[in-house]
Amino acid sequence: MAIANVGLWLYENGGGSQIQTKMVDALKQRDINCVTGLNLRDAYARDGNIFCNGIIMEELDLFLSYNAGQQSQYQLYLYEAISQSIPTINNYAAFALSEDKFKTSHLLNNHSIATPEYRLCHKNDTYGLKTAIKDWGGKLVYKPTDGWGGAGIVKIEGEQALDMLLPFLSRTDLRYFYLERFIDYDNTDYRIDIVDGQLIGCYGRKAPKDDWKTNITSGGSIFVREPNDEVVALAKRAADLAGLEIAGVDLIYDREQERYVVLEINSIPAFATPEQEKLGLNFNNKKLDAIVNLIDRTVSQSTSKVA
């Protein structure tokens, strides 16, 4: 008889379905039953409970939400509510922090972890925008504070280009602008996967020719990359500070300031796809085992408190 019931919502593309099957089987061997397909898009709340596909979410022992590409504000709203009743992975507070690029960078900087120099400006602060581009040698990067895959990120070169953008920016419904100094780097990055405080794997991404963004959805390509001790230590510290049980930490080397900087922390770093595994990215089994161990321990701790 299963000693616990865990809810799962995993992405299905890029080998995700196979990963879920392996996770369900591994947890079953530990007497943990999995309820899959719990997409909160289909959920509703009534009289103290959240229902999803006939399941009362608060009666689960844990909920793992692992689908970056299909999150909506409604789903996140319910995810937060569920986290108030049962353990979630990632925990919602850390997940929400990692979704905000400014708050993540601000936290890391306050703990002496280097990120790109940044500024947060009110949308009407034209002076602040122009001061930033002057202070940073005529180049800056505008980023939405939320989002993933490089969407909405724009490099602005020169005050003239900024002047051309300002009329458009003033008509948007954004309340503020998050800006970063454009970093001189070799157009490659490190993605360090961390689960439960341990290094799972590392790979690199390379921007396409005549571009500077390494994101795969922006045309970047993946290659096998061995991490050094410094980037691993930075990634572990960043994930720990953010409070994430599962994290994918992106770092680049700033050639001007001669240091590694943390660009971003992802709370739902993908497993390697079958095509990427053929390239030599062989960390999937280690990652799966670590997540299963994390779920098992979290459920055990939670049920022991109830008992």
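The notes below deal with the structure included here. (Residues numbered from 1 in each chain as written. Predicted model: local features only at pLDDT ≥ 70, side-chain atom pairs only at ≥ 80, totals over all residues. Heavy atoms only, no water.)

This paragraph deals with the overall build of the chain. Secondary structure summary: the chain contains nine helices and 16 strands in total. Relative to the globule expectation of 19 Å for 307 residues, the C-alpha radius of gyration of the chain, 21 Å, shows essentially globular dimensions. Along the first, second and third principal axes, the C-alpha atoms of the chain reach 65 × 45 × 35 Å. For the chain, with 307 residues in total, the buried portion stands at 49%. Restricting to contacts in the chain with at least 6 residues of sequence separation, those with at least 24 account for 66%. Approximately 15200 Å² of the chain is accessible, and the part contributed by carbon and sulfur atoms is 48%. A distance of 3 Å separates the average location of the 32 positive side-chain charges in the chain from that of its 41 negative side-chain charges. (Helix = DSSP H or I, 4+ residues; strand = E, 2+ residues; numbered from the N terminus. Rg over C-alpha atoms; globule rule 2.2 N^0.38 Å. Buried < 20%, exposed > 50% of the residue type's maximum accessible area, 1.4 Å probe, protein only. Contact = heavy atoms within 4.5 Å. Areas by Shrake-Rupley, 256 points an atom, 1.4 Å probe, with all protein chains shown as cover. Lys, Arg positive; Asp, Glu negative; His and termini not counted. Charge placed at Lys NZ, Arg CZ, Asp CG, Glu CD.)

Before going further, it helps to spend a moment on the sheet that holds strand 4 (residues 49–52). Two orientations exist for strands paired in a sheet by backbone hydrogen bonds: parallel and antiparallel. Taken in spatial order, the three strands line up as 3-4-5 in an open sheet, and their pairing is antiparallel. Whereas interior strands pair on both sides, the edge strands pair on one side only; in this sheet they are strand 3 (44–46) and strand 5 (55–56). (Pairing = 2+ DSSP bridges.)

Moving on to helix 4 (residues 101–110). If you check which residues of helix 4 are buried, you get Lys101, Phe102, Thr104, Ser105 and Leu108. Relative to the axis of helix 4, the buried residues are bounded by an arc of 165° and lie together on one face. Against the buried residues of helix 4 lie helix 3 (92–98), strand 8 (118–122), strand 9 (139–143), strand 11 (176–181), helix 7 (229–242) and strand 16 (259–266). You can read the cap of helix 4 off the contacts: a side-chain oxygen lies 3.1 Å from the backbone nitrogen of phenylalanine 102, and it is on aspartate 100. Where helix 4 terminates, the next one or two residues include serine 112, which has phi positive at roughly 60°. (Arc of directions from axis to C-beta. Polar contact = N/O pair within 3.5 Å; in protein donor to acceptor, adjacent residues only side chain to side chain.)

As a further point, take the packing of aromatic side chains. Here the structure, examined in full by the defined rule, presents 15 aromatic pairs. Arranged with centres 6.0 Å apart and planes meeting at 80°, the rings of tyrosine 190 and tyrosine 260 form a pair that is edge-to-face. Note that tyrosine 190 is positioned in strand 12 (residues 188–195) and tyrosine 260 in strand 16, a separation of 70 residues in sequence. With respect to class, tyrosine 190 is no different from tyrosine 260; both count as buried. Ring centres 5.0 Å apart and planes at 65° place the aromatic pair tyrosine 253 and tyrosine 260 in the edge-to-face group. Three or more aromatic residues joined by ring pairs form one cluster here, namely Phe63, Tyr79, Tyr92 and Phe95. Over the ring of tyrosine 190 we find arginine 225; its NZ or CZ atom is 3.8 Å from the centre of that ring. Directly above the aromatic system of phenylalanine 271 lies the positively charged group of lysine 287, at a separation of 4.7 Å from the ring centroid. (Phe/Tyr/Trp six-rings, centres within 6.5 Å; stacked < 30°, edge-to-face > 60°. Lys NZ or Arg CZ within 6 Å of the ring centre and 35° of its normal.)

Right, let's talk about the sheet that holds strand 8 for a bit. A sheet is described by the order of its strands in space; here four strands give the open sequence 8-11-9-10, paired in antiparallel fashion. Pairing within the sheet leaves two strands with one partner each, and these edge strands are strand 8 and strand 10 (154–157). The average undirected angle you get between the axes of adjacent strands in this sheet is 30°. Where strand 9 lies against strand 10, four bridges are found, and the strand directions are antiparallel. When the bridges of strand 10 are listed, lysine 139 appears paired with glutamate 157. Those strands touched by helix 5 (residues 126–135) are strand 8, strand 9, strand 10 and strand 11, and its axis lies near 160° from that of strand 8. (Axes fitted to C-alpha atoms, helices over the stretch in contact; angles between N-to-C directions.)

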